[in-house]
Amino acid sequence: MKFIFKLTSIIYKLTHFIHKHFFYCIIASYVAGGLFPGFGLSIRDTHFGTFTFIDGSKVKVSLALIMLSILLFNAGLGVLKSELANLFKHPKLLVVGLIANLSIPILFTFLISITMVIWHNPDEVQNILVGLALIASMPIAASSTAWVQKTNGSLALSLGLVIFSTMLSPITTPLGLHSIGFITSGDYSEKLHMLAGEGTSAFLFISVLLPSLLGITLLFVLKPSAIAKAKEPIGNINLVNLILLNYANASVALPQVFTHPDWDFLLIIGLITGSLCGFAFLSGKLLSLFFKASEPEKISLMFGLAMNNNGTGLVLASLSLAGHPSVMLPIIFYNLIQHMIAGFVEKRFYSNGKNITSA
């Protein structure tokens, strides 16, 4: 009994520390991924078989996929019923968010393609554009719901953005890839157009849609008192889960960056992906002001527009663009930067889970 009490106390102190220093824990997870990738790679490489759909499409059930699903399940269970009802009564912000999520990064990539004509290495430019194409065409990240949950944003709007952007991905993902395929050249353009026809609906269904809908279903089945008791442990699980997922993703490519850096290429990637992410956060804030959204809705728009499902983008890049490994660097950088900016926004404006209306 004493052992259980002591273990519970240690877990409580650990989660309290992570909650208090979450921004720094995120940065530490990326540094650890670059320096000590072994455990992260084992997370990425752990599989539990293959799920086959009726149409013959297959999804490999990995530990990373399960961890991603837990994020969405917890988000679905944490939605307020009143928010959910209001979302469908007033879907304006949901529609605006979905349109902005696709159009903003495509427009940004088009502008980058114009300004980067002066860059000394045309092949590096193509790698960057293809990486941005994969970022732009992915649905909104499941991890955005964890940040929204941490900052007391509207989980209903956040989860709605994730679910509907995923449901629309069989249309929006090829549209994004084709759009940027027209501004790239040579083999890079051919690969993007080819990739646009391969779809990711099966993976997105099993890792995002299914767990989200299961969480929402339990929301209406379980007693409110049981859900209220579960909210704190759910929030703690999400924080730890998000840090481990970031560490596992960083373990894939950051070790190579640490050992064989191409400094000017890395610098321009950092500037471009940082600008895109910052612009997306700002766009979420401006759209919320224009449409007179509430503070929780503003938080959800900001995190939703700035955070994309880069895990899926990395999988697509590794499978279909193996001959161009550098296209993964913008995706990895964006994944790192989106959490760093999210952590900064949370720490600067929403520390201790309290909304500050001047944000």
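Residue positions within a chain follow its written sequence, with the count starting from 1. Given that this is a predicted model, residues contribute local features only at a pLDDT of at least 70 and side-chain atom pairs are listed and counted only at 80 or more, while totals for whole chains, interfaces and linings are drawn from all residues. Only hydrogens and water are removed before side-chain values are computed, so all heavy atoms of the structure are retained for them.

A. Molecular detail of unusual backbone geometry. One non-glycine residue, N152, lies in positive phi territory at about 60°. Topologically, N152 is positioned in the loop between helix 8 (143-150) and helix 9 (155-167). Positioned with a positive phi, K292 is a non-glycine residue whose angle comes to about 55°. Helix and strand definitions follow DSSP, with helices as H or I runs of at least four residues and strands as E runs of at least two, each counted in order from the N terminus. Along the chain, K292 turns up in the loop between helix 14 (263-290) and helix 15 (295-306).

B. Quick look at the packing of aromatic side chains. In this scheme Phe, Tyr and Trp rings, the latter by its six-membered ring, pair at centre separations within 6.5 Å, and the angle between planes marks the pair as stacked below 30 degrees, edge-to-face above 60, and tilted otherwise. Taken as a whole and judged by the stated rule, the model has 4 aromatic pairs. Considering the side-chain rings of F281 and F303, the 5.5 Å spacing of their centres and the 80° angle between planes classify their relative orientation as edge-to-face. Residue F281 is found in helix 14, and its partner F303 is found in helix 15; the two are separated by 22 residues along the sequence. According to the relative accessible area criterion, F281 is buried, its value standing at 5%. Exposure remark for F303: the relative accessible area of 0% places this residue in the buried category. With 5.0 Å between their ring centres and 80° between their planes, F290 and F291 make a pair best called edge-to-face. Burial classes: relative accessible area under 20% of the type maximum marks a residue as buried, over 50% as exposed, and values in between as partly exposed (1.4 Å probe, protein chains only).

C. Quick look at the environment of H260. By the element assignment, H260 lies in the loop between helix 13 (224-259) and helix 14. Judged by its relative accessible area of 66%, H260 falls in the exposed class. N or O atoms within 3.5 Å of each other form a polar contact, as long as, within protein, one can give a hydrogen and the other can take it, and as long as residues adjacent in sequence are counted only when both atoms are side-chain atoms. Of the polar contacts made by the side chain of H260, one reaches the side chain of T259; its length is 3.0 Å.

D. Quick peek at the pattern of salt bridges. Whenever Lys or Arg places a side-chain nitrogen within 4 Å of a carboxyl oxygen from Asp or Glu, that contact is recorded as a salt bridge. The final tally for this structure, using the stated rule, is 2 salt bridges. Measuring nitrogen to oxygen at the nearest pair gives 3.1 Å for the salt bridge that ties K150 to E346. Of this pair, K150 sits in helix 8 while E346 sits in helix 17 (residues 328-349), and the two are 196 residues apart along the sequence. By relative accessible area, which is 7% here, K150 ends up buried. A residue is classified by how much of its surface remains accessible, and E346, at 5% relative accessible area, is buried. A salt bridge links K298 to E295, with the shortest nitrogen-to-oxygen separation between them at 3.4 Å. Taken together, the residues span about one helical turn, with K298 and E295 both in helix 15 at a distance of 3 residues. Neither K298 nor E295 differs from the other in exposure class; each is buried.

E. Structural context of the packing of helix 6 (residues 92-115) against helix 10 (residues 169-181). In this analysis, axes come from line fits to C-alpha atoms, helices being fitted only over the stretch in contact, and the angle between any two N-to-C directions falls in the range 0 to 180 degrees. Put simply, helix 6 and helix 10 touch, their axes get as near as 10 Å, and they point 10° apart. Between helix 6 and helix 10, the angle falls in the class roughly parallel. Relative to helix 10, helix 6 is oriented so that their crossing is right-handed. Residues L102, I106 and T109 of helix 6 lie in contact with helix 10, whose contacting residues are T172, L175, G176, S179 and I180. Residues are grouped as follows: Ala, Val, Leu, Ile, Met, Phe, Trp, Tyr, Cys and Pro are nonpolar; Asp, Glu, Lys and Arg are charged; every other residue, Gly included, is polar. Across the contact of helix 6 with helix 10, the residue classes tally to 4 nonpolar, 4 polar and no charged. Here the angle decides the label: under 35 degrees means roughly parallel, over 145 means roughly antiparallel, 65 to 115 means roughly perpendicular, and every other value means oblique. Throughout, a crossing is termed right-handed when the near helix is turned clockwise from the far one, and left-handed when it is turned anticlockwise from it by less than a right angle. Here, two residues are considered to be in contact whenever any of their heavy atoms come within 4.5 Å of each other.

Purely geometric stuff here, so don't read any function into it on its own.
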